[in-house]
Structure formats: structure tokens, C-alpha cells
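Examination of the molecular architecture
One-letter residues, chain by chain:
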Amino acid sequence: MPKILRLILGDQLNRQHSWFRQKNDKVLYVLMEVRQETDYVNHHIQKVIGFFLAMRNFAQWLESQGHHVLYLTLDHPDNQQCLDKNLSRIIKENHIDLFEYQLPDEYRLDEQLSIFSAHSSTQVRVYDTEHFLCSREFLGEFFKGKKTYLMESFYREMRKKYDILMDGREPLTGKWNYDHDNRNKLKDPLLLKPAKTFRRDVTDLVELLRAQGVATIGDIQEENFEWPVTREEGLQVLDYFCSKLLPYFGMYQDAMFTGDAFLFHSRLSFLLNSKLLAPLEVVEKVEKYWLENQDAVDIAQVEGFIRQIIGWREYMRGVYWAKMPAYAEMNFFGHKRKLPQYFWTGDTKMNCLQHAIGQSLGKSYAHHIQRLMVTGNFMLLAGIHPDEVDAWYLGIYIDAIEWVEITNTRGMSQFADGGIVGTKPYVSSANYIDKMSDYCSGCFYNKQKKTGEKACPFNSLYWHFYHRHEDKLTKNPRIGMMYRTWAKMKDKEEILKQADYYLENIESL
Ligand SMILES: Cc1cc2nc3c(=O)[nH]c(=O)nc-3n(C[C@H](O)[C@H](O)[C@H](O)COP(=O)(O)OP(=O)(O)OC[C@H]3O[C@@H](n4cnc5c(N)ncnc54)[C@H](O)[C@@H]3O)c2cc1C
Ligand code: SF4
């Protein structure tokens, strides 16, 4: 029997993988904390700590199951801080005959390991991660020849394929989509439940990062790290979500509230993206909970949640593999502006941004609508370069891994892909933000004013965006009405002047 080295990347912590079903004394598993990964973007400190803790716990679990494990900590004397350098040394020193790895989810790692394998004198075998519902190629094949990939048709295909909320070929409740029932502002804060958190002292790890000079962003409470980092904890978060949060999930999915960062969101993205939990087990658990508790949970909440996981999440991965590497260069609007400094401090008079950014720096988390309709909306209206946008999102969130970050950022949020992911840009004035949140009432700016003193910047930038991109957007059938409204507006000049002034003074907004 040959000696086998199996690489486990930091986002491949899948205990249910077929690799681990049998013990084999000839197999050595390797996990590494490397500067290559801590430094490719400026990460939030909670993100680095979260991944390192999850990896360390996973290595311990493997050992407890009788597997052989080599774990390279960041300060290990033999650590050369780069995947291929470490692999070459380990292969040589351990007389490895066969190197095995699971398909990476990120393009850059996929390239790196392919090149390494091509040059390696050792035999190489590649495995699936056994995590996603579709192969990398499925979506590209499903939409072959189409310019726009319609998420809804992909989602329905997934529902049928995995028999989720289905009665044969038809939706179990007669309707595929309950999106229209799911757009409420939070009016009763007493409904809110505390998030399911954990308590860990991570002082040692924070010290390690400091001693090694790893540059990070954001804050951490060293004696009280709250994120779940083991499968057991992940399952507790899932149980808590079903019993406490699911009943209101869909209803308040788009709501934003200064008093609570998480509302009824599941906080499962890190657990899913690190593969501590599997998408199918999550949706099956949620479906089962609903079937057994239909008096407490209605279908709109459940369908809304399941669509995010088997719809959006799988769909984004499919778009990523169908369109990379070109996707990372797309800049449909030719936006060039630098990201204002307050994205790194939260120090702005715009209350919505202050909250969304402040919370992201404090918790390494913002929910979907904060990412899309506050920070992303502002970046798009202000014409920030998509590279700057990507670097911010990829660094700041605990769940940010390129395949799901870039498709959301360049695609859904910035429309930099010209309409592959979405059919129109997600932009709004203060109107939408005020409708869905309590931000505007505490703001320095006046949500109703487009021009003049203290006019909300979103209001003039909104029209400025449409005006400056008229040639690119006017033919879009979903936008035509906006241009008809704009044409009739009497104060166009003043609005554009106000927006120009704000853009020139963007750092002091
Ligand atoms: C600009 C922008 C950047 C984003 N970057 C990331 C990212 O780096 N990583 C990431 O996992 N998600 C990203 N998202 C999607 C979404 O915002 C997060 O998945 C969600 O906020 C995570 O919190 P939660 O687990 O509480 O989600 P919930 O609201 O409870 O949703 C449940 C799950 O559905 C999945 N999901 C929901 N929306 C999406 C979506 N649009 N794409 C893919 N999966 C989705 C996630 O796995 C999430 O855990 C981004 C969205 C936007 C608009
Ligand atoms: S008034 Fe404008 S800047 Fe202030 S919170 Fe509302 S949308 Fe944001």
C-alpha cells in the first residue's frame, strides 16, 4: 500500500466526507495555517481566528477518530507559509507516494494545486468535497447559450432534484415562491431573540497573530469569542434557528434595526462555508421542523430560507465556476473611485452606513440587506471600483470566501457583470432604507431632501447614477420607467449638482 498524503484546506472541514469513514495507517492528513491565506486580503481578525479555531478543532476530531494528522500552526518552525512549499517538503520527508486533495472552491487555490500537481513527481488524485448539491459545471450546462442565468428556474430544478418541499413534480403547498410575503419592517422589538453564541478565550491566538505580524481589520473581544467553530456547536445553532428564529425568518428577512445585528437570521454562513455543516442537512432539518410544527411556523418563512441555501448559494457557486477567471475583471460601468476611509472606521454622518459598517467591524457580520442595500448600494451609487468593493467584502465578513463573495459583490450588488446574476442594479434612495429600517430617524441627514442643506446623499446619488449610465441602462426593460420619471423631474440640474458636490467631498459625508 502506498503512503498517502491528504490535504484538508481551511474551508474543507467536512466530517461526513468519505475520506474519514475508514482509518488507514498509511494515510497522513495535513492542515496548515499559512501566511499565504492570512495575507491574500486584509481579513477581519474574527475571520482568521474563526478559521484557525475550526481547523484546530477539526484536526483534534480527526485524531480522536484514530487518523494520523500533521497540523502546522502559523509559528511552526517548519512552516514555509505557502501551500506548495510545505507540501513539497512533507511529501519528501515522509516518502509519500500519492498526494490527494479535494477540489478547492476558490479559483486561485484550484490553479495553485493544479500547477503543483502538474509539476509534482508524486502521483496525484483529486476528490470532490461532497458538500454541494451540484457539481461545479452543472449550472453552466443548465443555462448553456443563455446571457442571463435565471436563479428561479435553477432553484426549482434543485427543489425537484432533491425533493424539497415537493409533492411529486409540484410544490407541496401549491406555490414555489413566497417572496412577496417577506418584506416587513420590524415594528415590535420584543419579538427579537438573543443570538445563540459561545464563549471562548482566544487571547493566545490573538497573541500569535500579533507576534507573527499578521495585519487584520475589525475588533475582537479576546476573552469572549462568540462564533461557533465545531460541528457540535453548528448543530446547536441550527436547532436554535429552527425553534426560535425560523417562525419570523422570512417575514423580517429584509428588515434592518439599530438595536440588533442579527434579527432572525440564522448565522449559518460560516458553518456552511467552512463545511462544518452541509447544505442538504440544513434544509432537510428545516423542512422537517416545519412539517412537525406547522402551527408555529408558516411556509413563507421556510420557503424563504430554503431558497437562500439550495437556490442562491448553489447558484452563486455555479456562476463562479462558469465565469471565472474573467468574472474577477468585470467592471460594466467602468467605475474607478476609491473606497472612502470611513468603510474602515464607520466614522460617517450617514447613520445607515455608520451602523452597517460599525457592526461589520465589530462582529464580522452584516445580514444580506445591509450588505446589498446599505453598503453595496452606496458603493454602486458612488461609483467605487469593483476591485475595492471586493477587497472590502472579502476581508470583513467571517463567511467571505471568494466563490460566494465575488458573485454577490460584483454580480448581485455592483452589477459589474452587466447582468449575469441580476436583471437590474440594486440601487435605492433613502426611501427604501427608511421603509425597511429605523436608521433614518436618527440620522444627521434629512431622508426627504434631495438637495440643499443636510439632504440625504442617497437621494441625489441615486439619480446621478441613472443619469450617468443612461446609455447602458436605458434599454433595460425593468428600468425604463425610472428614465421616464427622471425625464419629467423639474430639479434635475440641482440634483446632479448636489450629487457632484457629494462625490467631490465623499470623504466628509
Ligand atoms: C454584497 C454581498 C456580499 C456577500 N458576501 C457573502 C460572502 O462572502 N459569503 C457568504 O456566505 N454570503 C455572502 N453574501 C450573502 C448573504 O448576505 C450572507 O450569506 C448572509 O448574510 C449570511 O448570514 P446568515 O447566515 O445569517 O444568513 P441567512 O439570512 O440566515 O441565510 C441563510 C443562508 O443562506 C445562504 N445565503 C443567503 N443569501 C445568499 C446569497 N445571496 N448568496 C449565497 N448564499 C446566500 C447563506 O449560506 C446563509 O447562511 C453576500 C451578499 C451580498 C449582497
Ligand atoms: S437619511 Fe440617508 S444617510 Fe441617513 S440613514 Fe437615511 S438613507 Fe442613510
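Here's what I pulled together on the structure shown here.

So, how was this worked out
- Residues numbered from 1 in each chain as written.
- Chains lettered and ligands numbered in written order.
- Predicted model: local features only at pLDDT ≥ 70, side-chain atom pairs only at ≥ 80, totals over all residues.
- Heavy atoms only, no water.
- Near = heavy atom within 4 Å.
- Helix = DSSP H or I, 4+ residues; strand = E, 2+ residues; numbered from the N terminus.
- Nonpolar A, V, L, I, M, F, W, Y, C, P; charged D, E, K, R; others polar.
- Buried < 20%, exposed > 50% of the residue type's maximum accessible area, 1.4 Å probe, protein only.
- Arc of directions from axis to C-beta.
- Contact = heavy atoms within 4.5 Å.
- Polar contact = N/O pair within 3.5 Å; in protein donor to acceptor, adjacent residues only side chain to side chain.
- Areas by Shrake-Rupley, 256 points an atom, 1.4 Å probe, with all protein chains shown as cover.
- Pairing = 2+ DSSP bridges.
- Axes fitted to C-alpha atoms, helices over the stretch in contact; angles between N-to-C directions.
- Patch = residues over 30% accessible without salt bridge, like charges linked within 9 Å, V, L, I, M, F, W, Y side chains within 5 Å.
- Salt bridge = Lys/Arg side-chain N within 4 Å of Asp/Glu carboxyl O.
- Lys, Arg positive; Asp, Glu negative; His and termini not counted.
- Charge placed at Lys NZ, Arg CZ, Asp CG, Glu CD.
- Parallel < 35°, antiparallel > 145°, perpendicular 65-115°, else oblique.
- Left-handed = near helix turned anticlockwise from the far one by under 90°.

Moving on, we get to the site of ligand 2. Around ligand 2, the surrounding shell consists of Met350, Asn351, Cys352, Ala430, Ile433, Tyr439, Cys440, Cys443, Tyr445, Lys447, Cys456 and Phe458. When residues of the shell around ligand 2 are traced back to their parent elements, those giving at least two are helix H12 (351–363) and helix H16 (430–436). When its residues are assigned to classes, the shell around ligand 2 shows 10 nonpolar, one polar and one charged.

Right, let's talk about helix H7 (residues 203–211) for a bit. The complete set of buried residues in H7 reads Leu205, Val206, Leu208 and Leu209. Angularly, the buried residues of H7 cover 155 degrees about the axis, an arc narrow enough to put them on a single face. Exposed residues lying more than 90 degrees from the buried face of H7 are Asp204, Arg210 and Ala211. Elements in contact with the buried residues of H7: helix H2 (45–64). Within two residues after H7, glycine 213 carries a phi angle of roughly 70 degrees, on the positive side.

On to the site of ligand 1, then. The environment of ligand 1 is made up of 29 residues, and the closest members are His265, Ser266, Arg267, Asn273 and Tyr365. With respect to ligand 1, the side chain of serine 266 contributes an N or O atom lying 2.6 Å from an oxygen atom. Between ligand 1 and glutamine 308, the relevant distance is 3.3 Å, taken from a nitrogen atom to a side-chain nitrogen or oxygen of the residue. Within the complex, the protein chains bury 99% of what would otherwise be the 820 Å² of accessible surface of ligand 1. Contributions of two or more residues to the shell around ligand 1 are made by helix H9 (269–273), helix H11 (299–323), helix H13 (368–382) and helix H15 (402–413). When the residues that make up the shell around ligand 1 are grouped by side-chain class, the tally is 14 nonpolar, 10 polar and five charged.

Bringing the sheet that holds strand E5 (residues 123–127) into the picture now. With respect to topology, five strands assemble into an open sheet ordered E3-E2-E1-E4-E5, the strand pairing being parallel. Unpaired on one side and paired on the other, strand E3 (68–72) and E5 mark the two borders of the sheet. Within this sheet the neighbouring strands show an average axis-to-axis angle of 25 degrees, counted without direction. As paired elements, strand E2 (residues 27–32) and E3 share five bridges and run parallel to each other. Looking at the pairing, methionine 32 lines up with leucine 72 of E3. Contacts from H2 reach E2 and E3, with the element oriented near 160 degrees to E3. The strands that helix H3 (residues 83–93) touches are strand E1 (4–7), E2, E3 and strand E4 (98–102); relative to E2, the one it contacts most, it runs at about 155 degrees.

A separate point is a negative patch on the surface. On the surface, Asp201, Asp204, Glu207 and Glu223 cluster together into a negatively charged patch. By relative accessible area, which is 44% here, glutamate 207 ends up partly exposed.

Close contact between H13 and H15 brings their axes to 11 Å; oriented N to C, the two are set at 60 degrees. When the axes of H13 and H15 are compared, the pair comes out oblique. Of the two possible hands of crossing, H13 and H15 adopt the one that is right-handed. Contact residues: H13 offers His368, Leu372, Gly376 and Leu380, while H15 offers Asn408, Met412 and Ser413. Here the contact of H13 with H15 is composed, by residue class, of three nonpolar, four polar and no charged.

Turning to its location among the elements, glutamine 36 is positioned in helix H1 (residues 35–39). Using a relative accessible area of 18% as the deciding quantity, one classes glutamine 36 as buried. In this structure the side chain of glutamine 36 is engaged in a polar contact, spanning 2.9 Å, whose partner is the backbone nitrogen of leucine 83.

Turning next to the environment of proline 477. Relative to the assigned elements, proline 477 resides in the loop between helix H18 (470–473) and helix H19 (480–488). For the pair proline 477 and leucine 291, spaced 186 residues apart in the sequence, the C-alpha separation amounts to 40 Å.

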